[in-house]
Amino acid sequence: MSGAMTLTTGDAATGDSGSLTLETGNAVSGTGGNVVMSVGSADTGTGGSMTLASGSSSASDGGTISLTAGLSSASDGGIVSISGGSTTSGSGGALTLSSGSGSVTGGAVSLVGG
């Protein structure tokens, strides 16, 4: 097993808990910095998984996950691409888009073009 890394902020008994910001710098005459997150591959077992989850709340709304591609004032806007995994020896990876269930009604699923 290779080394694990854990990066956390502290809990709070009262008030807000710690925040975590990961960002790269701006470029004046070049390309802005990239952020790359990836998980490990495996040659005999299952490849690593990645989970992105927002916070829960017992007193208010749950947290939000927002994926937004970059704005451009000179060319095309950025692209958000989500896809299932490919394979050469079985079924391709599935893509599931679902909304949350609720005690009154389930959440809406909306796909809107620009």
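Remember, it's a predicted structure, so these values are computed and weren't measured experimentally.

A. Layout of the overall build of the protein chain. Scanning the protein chain from terminus to terminus reveals zero helices and zero strands. Principal axes of the C-alpha set define a box for the protein chain whose edges measure 45 × 45 × 40 Å. Per-residue burial over the protein chain gives 0% buried out of 114 residues. By sequence separation, contacts in the protein chain at least 24 residues apart represent 0% of the contacts at least 6 residues apart. Roughly 10,700 Å² of accessible area belongs to the protein chain as shown, and the carbon and sulfur atoms make up 48% of that amount.

B. Expanded view of a nonpolar patch on the surface. Taken together, Leu52, Ile65, Leu67, Val80, Ile82 and Leu95 make up a surface patch of nonpolar side chains, about 610 Å² in accessible area. Its relative accessible area of 47% is what places valine 80 among the partly exposed residues.

Reading guide: rules and limits
Residues numbered from 1 in each chain as written. Predicted model: local features only at pLDDT ≥ 70, side-chain atom pairs only at ≥ 80, totals over all residues. Heavy atoms only, no water. Helix = DSSP H or I, 4+ residues; strand = E, 2+ residues; numbered from the N terminus. Buried < 20%, exposed > 50% of the residue type's maximum accessible area, 1.4 Å probe, protein only. Contact = heavy atoms within 4.5 Å. Areas by Shrake-Rupley, 256 points an atom, 1.4 Å probe, with all protein chains shown as cover. Patch = residues over 30% accessible without salt bridge, like charges linked within 9 Å, V, L, I, M, F, W, Y side chains within 5 Å. Salt bridge = Lys/Arg side-chain N within 4 Å of Asp/Glu carboxyl O.

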